[in-house]
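# Structural overview for review
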Amino acid sequence: MYRIVMLLLVATLFHASNVFAATELLNVSYDPTRELYQDFNKSFARHWKQKSGQDVTVKQSHGGSGKQARAVIDGLDADVVTLALAYDVDEIHNKAKLIPKDWQKRLPKNSSPYSSTIVFLVRKGNPKQIRDWNDLVRPGVSVITPNPKTSGGARWNYLAAWAYALKQKGGNEASAREFVGKLFRNVPVLDSGARGATTTFVQRGQGDVLIAWENEAFLAVNELGKDRFEIVVPSLSILAEPPVALVDKVVDRKGTRVVAQEYLKYLYSQEGQEIAAQNYYRPSDRKVAAKYAKLFPKLRLVTVDQTFGGWTRAQKTHFADGGTFDQIYRPGR
Amino acid sequence: MARSLKKSHAAGWGNLPGFAPTMGYTLLCLLVVVLVPLSTLFFKAATLTLDEFVGAVAAPRVLASYRVTFGAALLAAVTNAFFGVIVAWTLVRYRFPGRRILDALVDLPFALPTAVAGITLAGIFASNGWLGKVLEPLGVKVAFTPVGIWLAMVFIGLPFVVRTVQPVLQEFDREAEEAAACLGGNRWQICTRVVFPLMFPAVLTGFTLAFARAVGEYGSIVFIAGNMPMVSEITPLLIITKLEQYDYAGATAVAVVMLLVSFMLLLVLNLLQKWSRRYAEQ
Amino acid sequence: MRSNDMNSSHYPGVFRVQKAGALAEPLPVRLLLVAGTVLFLTLFLLLPLGALFSEALSKGWQEYRAALLEPDALSAMRLTLVTAVICVPFNLFFGIVASWCTAKFTFPGKSLLVTLIDLPFSVSPVVSGLVYVLVFGQQGWLGPWLQAHDIKIIFAVPGIVLATVFVTFPSVARELIPLMEAQGREEEEAALTLGAGGLQTFFRVTLPNVKWGLLYGVILCNARAMGEFGAVSVVSGHVRGATNTVPLQVEILYNEYNFVAAFAVASVLALLALVSLALKTFTEWKMRQLQKAGA
């Protein structure tokens, strides 16, 4: 018995340490990219084999964007990170100096090979007649969105609503605050992550409308019931740019810089862009975008940089302790 | 025979061997596994100034979360103590069909990953779930309310009381009861004078552990609580919230407060238990 | 000789009409207690279990089987087993040692010691993981040194084991302490007076007396070791097929909207109930054998 136990133990320890010996990349990503990178990694392995003759396997790690960034900061050996918002990658620089400060300038399009936006998912037939953001603050409409304090995706939701109120006629900071406050008072459940919120809406039957990433909404409709839900595109939304970055300190230690660089570059290639589009991410490449134009409805998009002065500022004003989001729930209101 | 009825628990070291080595090993393990890792919390929290510390641990929202967390944990532990004793008693003393199966299933809440527990419970009690469908029209909302927190906490703490009381009852001399019966006591007297006092320390242990576990629980609760600030937000969720802002120090500050409060409560419960044992022995 | 707790004639069947005297509760009380037990356990155990299996089997056996045999699921099961195999013996040994010195002796600060042993149960699993990150993480006390020597603790198997040992630390000790205290130390003292050695006394007198507590301690410890999610999730790194335990794999599958596979993999942990059933039956049988041999 003892011998078997020891064997098992040694085998596993060996197995675990051996995993990193082969040419292997670790892509630390956030939750909704699982399907995308499953497809992309296969394609990249073929591409790399053709190009260099070497085999490469890409290991995936998924979780909440902030939690994943913390794991990298605390020593998870990620060759590349593909996270939900630039703020989380910035923190990898600020807290651990694993990447340079100007990481976002190193790749085209602000290091975002694909983008997405925030849309609504409603129940079939749209019983509450939800067409745009201002329908969400109507009394009696129940809205499901995750908690912006714990979910990166939810921060996009929040900022999109804020931007909508801001761009209305006579819109200003105060009216935006008022609008978003009203919206969140219609939220009965704050899940901790985007997929938790989707489950609450889809499986538990809570709420009339789910605010979600466009790609998540597509996925939910396709995976969980075309006959049960439909997507509503608001008049204005936010351009969500999930960034990717090479983790310099890690690739240099592991000697994987070349292949990791190629991995990120491949995201911008024709094949990479097609895979992104097939997984409902808006491709950044014009030609591929034109090809899939039917899939992605046109709408007015604002960016975090223009409207909110970048992620660091947005995070501080809205989502830090005591920020505008906390003020919504201040007692006595 | 007299052993269970009366014990000479004289103070002092006694004449049993092995105190020094066992105590040494116990302290060593405690130090390496518990105290050193936990001390990091204090060191990290100590990087805050006093104002920052108070700001982190005494914000209205955090205070509300203490109320929700400790309150629900207390209610859940009481529920578990009450039903745990009944379950343990029934499983040990009576024979009925299905007893063995129920007995074997008691540990399940530990083995099921907490997230699965939360998802399953939320599924059952949501308005479209098996029980939610029945309860909702009656005006009872469980999922996504503080009641859901209590429910999840009862579930995850369920094995503690059952499993601490069970062995005491199993190893318990029926002879003590028989003796008491010979002396002419009726069933109720025997239970209250002989059986309950012996069971009580174990019940208290189980209660303490169930309470402790419930206070720290996160995984199952977030799926069923609704997580509304000031209403159904638990303290461990706030710790996560702070971590999401890369505020390690703030997170550890809240963790330290929780740790100290739990420690005090556990200490009081353990002292109470010691006292109850003395009382039982008299 | 102590009474034989295995002898079921001591225990009334609920439905058997028996002289309800000073040794058994009246029939209505018995029925009420059994009904209470069944109701409570149905609500809190059978119903969730039913929901779990109904979800896991909602697409039939074929899907269920396939979900369990998927390579990532198998690798998660192996990692979970390894973790439990290291963690349970460690905590078992610690539990026996700690309960001996706290239950059989009186010393100042005893309640404090017991409370410190309890502490890991009250620490939020998230924080239990966090403390190991603060010790072994890149920004932590030992992180830079460990990296310089190419030793991996967190985001690898050792970290998962450590976190699991932490969260299950009190299980065996806290089962044994109240039980040993309830039994006092007269039997041990008698054995020593009769000339038995210390270890002999322990194995022949103490251990048989606490067998049930020991068993429940091991079962609980094992269950929690296999089922722990929060703490392990912080130190695991979630690398598919490498550092995912069964609970983490369940979360991944669930987040992929692969509900059938998620619940199927989770249901494997429900089989643990069978293990505890087998262990209990075996212990009862063994005790009966011993008693026969002793008689």
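Residues numbered from 1 in each chain as written. Chains lettered and ligands numbered in written order. Predicted model: local features only at pLDDT ≥ 70, side-chain atom pairs only at ≥ 80, totals over all residues. Heavy atoms only, no water.

### Digging into the overall build of chain B
Selection criterion: By definition, any uninterrupted DSSP run of H or I lasting at least four residues is a helix, any uninterrupted run of E lasting at least two residues is a strand, and each is numbered from the N terminus. A 1.4 Å probe rolled over the protein chains alone gives each residue an accessible area, and that area as a share of the maximum for its type sets the label: buried under 20%, exposed over 50%, partly exposed in between.
When helices and strands are counted, chain B shows 13 helices and zero strands. For chain B, the α and β elements follow one another from N to C terminus as α-α-α-α-α-α-α-α-α-α-α-α-α. With the C-alpha coordinates of chain B rotated into their principal frame, the extents come out at 65 × 55 × 30 Å. Sorting the 282 residues of chain B into buried and exposed places 64% on the buried side.

### Overview of the packing of aromatic side chains
Test applied: For this analysis, a ring pair means two rings from Phe, Tyr or Trp (six-membered ring only for Trp) whose centres lie within 6.5 Å, classed as stacked if their planes differ by under 30 degrees, edge-to-face if by over 60, and tilted for the remaining angles. Geometrically, a lysine NZ or arginine CZ counts as sitting over a ring once it is within 6 Å of the ring centre and also within 35 degrees of the ring normal.
Within the structure shown, the criterion is met by 45 aromatic pairs over all chains. Measuring from centroid to centroid gives 6.4 Å for W100 of chain C and F105 of chain C, while their planes differ by 75 degrees, and the two rings are edge-to-face. Per residue, the accessibility class of W100 of chain C equals that of F105 of chain C, and both read buried. Ring centres of Y254 of chain C and F263 of chain C lie 6.2 Å apart, and the angle between their planes is 85 degrees; on these two criteria the pair is classed as edge-to-face. Y254 of chain C sits in the buried class, given a relative accessible area of 8%. Judged by its relative accessible area of 6%, F263 of chain C falls in the buried class. By the ring-pair criterion, three or more aromatic residues cluster together here, those being Y37, F40, F44, W48, Y263 and Y266 of chain A. A cation over an aromatic ring shows up here: R155 of chain A above the ring of F319 of chain A, its NZ or CZ 5.9 Å from the ring centre.

### Digging into the interface of chain C and chain B
Definition in use: Note on contacts: a residue pair qualifies if any of its non-hydrogen atoms lie within 4.5 Å across the two residues. Values labelled buried area give the accessible surface lost by two parts on being combined, using a 1.4 Å probe and summing over both. Think of a polar contact as two N or O atoms within 3.5 Å of one another; within protein, one of them needs to be a possible hydrogen donor and the other a possible acceptor, and neighboring residues in sequence only count if both atoms come from side chains. In this classification, Asp, Glu, Lys and Arg are treated as charged, Ala, Val, Leu, Ile, Met, Phe, Trp, Tyr, Cys and Pro as nonpolar, and every other residue, Gly included, as polar.
On the chain B side, the residues contacting the 114 residues of chain C number 118 residues. Carbon and sulfur atoms supply 73% of the area buried between chain C and chain B, which totals about 10800 Å² over both sides. For the pair chain C and chain B, the number of links is 10 residue pairs in polar contact (both at pLDDT 80 or more). Per-element accounting of the side of chain C that touches chain B gives the leading share, 18 residues, to helix α1 (residues 27-56) of chain C. Across the side of chain C that touches chain B, the residue classes tally to 75 nonpolar, 21 polar and 18 charged.

### A word on the interface of chain A and chain C
Convention followed: For salt bridges, the criterion is a side-chain nitrogen of Lys or Arg within 4 Å of an Asp or Glu carboxyl oxygen.
Listed as interface residues are 36 residues of chain A and, on the opposing side, 26 residues of chain C. Between chain A and chain C lies a buried interface of about 2800 Å² when both sides are counted; carbon and sulfur atoms form 59% of it. Between the two partners, chain A and chain C, sit two salt bridges. Connecting chain A to chain C are 11 residue pairs in polar contact (both at pLDDT 80 or more). It is helix α1 (residues 2-18) of chain A that provides the largest number of residues to the side of chain A that touches chain C, a total of seven residues. Split into classes, the residues belonging to the side of chain A that touches chain C amount to 12 nonpolar, 11 polar and 13 charged.

### Describing the packing of helix α2 (residues 34-52) of chain A against helix α11 (residues 257-267) of chain A
All names here are of chain A. In plain terms, the rule: Fitted lines through C-alpha atoms serve as axes, helices being fitted only where they are in contact, and the angles separating the N-to-C directions of these axes extend from 0 to 180 degrees. Angle categories: roughly parallel below 35 degrees, roughly antiparallel above 145, roughly perpendicular from 65 to 115, and oblique for all the rest. Definitions for this section: a left-handed crossing has its near helix turned counterclockwise from the far helix by less than a right angle. A right-handed crossing has that turn clockwise.
At a minimum axis distance of 10 Å, the contact between α2 and α11 shows a crossing angle of 120 degrees. Between α2 and α11, the angle falls in the class oblique. In this structure, α2 meets α11 at a crossing whose hand is right-handed. For the pair α2 and α11, the contacting residues are Y37, F40, N41, S43, F44, H47, W48 and K51 in the first and V258, V259, E262, Y263, Y266 and L267 in the second. Residues belonging to the contact of α2 with α11 are distributed by class as follows: nine nonpolar, three polar and two charged.

### Focus on the confidence of the model for chain B
All names here are of chain B. Applicable threshold: As a per-residue quantity, pLDDT reports the predictor's confidence and falls between 0 and 100.
With 94% of its residues at a pLDDT of at least 70, chain B reaches an overall mean of 86. Low confidence marks residues 1-12, where pLDDT is under 50. Its contacts with residues over four positions away, or in another chain, come to 30 contacts. At the level of chain-chain contacts, confidence expressed as ipTM amounts to 0.83, with global pTM at 0.85.

### Some remarks on a nonpolar patch on the surface
As a reminder, the rule being used: Patch members must show over 30% relative accessible area and no salt bridge, and they are joined within 9 Å when carrying like charges or within 5 Å when they are nonpolar side chains of Val, Leu, Ile, Met, Phe, Trp or Tyr. Exposure was quantified through the Shrake-Rupley algorithm and a 1.4 Å probe, taking into account, for residues, occlusion by the shown protein chains and nothing else.
Taken together, the side chains of L28, L31, V32, L35, V36 and F43 of chain B together with W141 and L142 of chain C present a nonpolar region at the surface, about 740 Å² in accessible area. Following the sequence through the fold, L31 of chain B ends up in helix α1 (residues 19-45). In this structure L31 of chain B comes out as partly exposed when scored by relative accessible area, which is 43%.

### Remarks on the environment of N209 of chain C
All names here are of chain C. Among the secondary structure elements, N209 is positioned in helix α10 (residues 198-209). Owing to a relative accessible area of 7%, N209 belongs among the buried residues under this scheme. A C-alpha to C-alpha distance of 8.9 Å links N209 and L179, two positions 30 residues apart in sequence.

### Thoughts on the nonpolar core
Defined as follows: Put simply, a nonpolar core is a bunch of buried Ala, Val, Leu, Ile, Met, Phe, Trp, Tyr and Cys residues held in one set by side-chain atoms that sit within 4.5 Å of each other.
Ranked by internal contacts, the top residues of the largest apolar core, which has 311 residues, are F44, W133, L183, F184 and W311 of chain A. Excluding residues within four positions of it along the chain, F184 of chain A makes contact with T145, P148, Y158, L190, F325, I328 and Y329 of chain A.

### Some points on the side chain of T252 of chain B
With respect to the helices and strands, T252 of chain B occurs in helix α13 (residues 248-281). Look at T252 of chain B and you get buried, because its relative accessible area is 1%. In contact with T252 of chain B, not counting residues within four places along its chain, are L41, K44 and A45 of chain B together with L130 and L134 of chain C.

### Digging into the confidence of the model for chain A
Here chain A averages 89 in pLDDT, while 92% of its residues score no lower than 70. The low-confidence segment residues 14-21 of chain A (pLDDT under 50) makes six contacts with residues lying over four places distant or belonging to another chain.

### Observations concerning the sheet that holds strand β1 (residues 24-30) of chain A
Pairing between the strands of a sheet is mediated by backbone hydrogen bonds and can be parallel or antiparallel. All names here are of chain A. Definition in use: For two strands to count as paired, DSSP must find a minimum of two bridges between them.
Taken in spatial order, the four strands make up an open sheet running β2-β1-β3-β9, and their pairing is mixed. A single partner strand is all that each edge strand has here, and the edge strands are β2 (57-63) and β9 (244-246). For this sheet the average axis-to-axis angle between neighbouring strands, irrespective of direction, equals 20 degrees. Relative to β9, strand β3 (residues 80-82) runs antiparallel, the two sharing three bridges. Within β9, the residue paired with T82 across the bridge is V244. The sheet strands contacting α2 are β1, β2, β3 and β9, and the helix crosses β2 at an angle near 170 degrees. Running over the sheet, α11 touches β1, β2, β3 and β9 and is turned about 165 degrees from β9.

### Digging into helix α8 (residues 146-170) of chain B
Residue and element names in this part refer to chain B. Cut-off, in case you're wondering: Expected helix span is given by 1.5 Å per residue-to-residue step, counting one fewer step than there are residues. Bend at a given residue is defined as the angle between two axes, one fitted to the seven residues that end at that position and one fitted to the seven that begin there.
With 25 residues, α8 ought to run about 36 Å at 1.5 Å a step, and its terminal C-alpha atoms sit 37 Å apart, in line with that. The largest bend in α8 amounts to roughly 45 degrees and is located at G157, with the proline P159 lying one to four residues further along. Among the 25 residues of α8, 22 are classified as buried, and the element is accordingly described as predominantly covered.

### Description of the state of the cysteines
Our working rule: We call a pair of cysteine sulfur atoms a disulfide when they lie within 2.5 Å.
Counted according to the given criterion, the structure contains zero disulfides over all chains. For the unlinked cysteine C101 of chain C, the closest cysteine sulfur is that of C29 of chain B, found at 11 Å. In this model C221 of chain C remains outside any disulfide bridge; the closest cysteine sulfur is found in C87 of chain C, 4.7 Å from its own. A residue is classified by how much of its surface remains accessible, and C221 of chain C, at 0% relative accessible area, is buried.

### Focus on the environment of V231 of chain B
All names here are of chain B. By the element assignment, V231 lies in the loop between α11 (221-224) and α12 (235-244). Separated by 164 residues in sequence, V231 and R67 have C-alpha atoms that sit 9.5 Å apart. With residues near it in sequence (within four places) discarded, V231 still touches V68 and P146.

### Remarks on the pattern of salt bridges
Taken as a whole and judged by the stated rule, the model has 35 salt bridges over all chains. Taking the shortest distance from any N to any O, the salt bridge between K128 of chain A and D208 of chain A comes out at 3.3 Å. Residue K128 of chain A is found in the loop between β4 (114-123) and β5 (143-144), and its partner D208 of chain A is found in the loop between α8 (194-202) and β6 (209-213); the two are separated by 80 residues along the sequence. Of the charged contacts in the structure, one is a salt bridge between E217 of chain B and R213 of chain B, with a shortest N-O distance of 3.5 Å. Overlapping salt bridges, with partners in common, bring together K149, D321 and D326 of chain A together with R61, E233 and K242 of chain B in one network.

### Digging into the packing of helix α2 (residues 60-69) of chain C against helix α3 (residues 71-103) of chain C
All names here are of chain C. Two elements in contact, α2 and α3, have axes separated by 5 Å at closest approach and are oriented at 60 degrees. Comparing the axis directions of α2 and α3 gives the class oblique. Residues A67, L68 and L69 of α2 form the contact with α3, whose own contacting residues are P71, A73, L74 and M77. Of the residues assigned to the contact of α2 with α3, the class counts are seven nonpolar, no polar and no charged.

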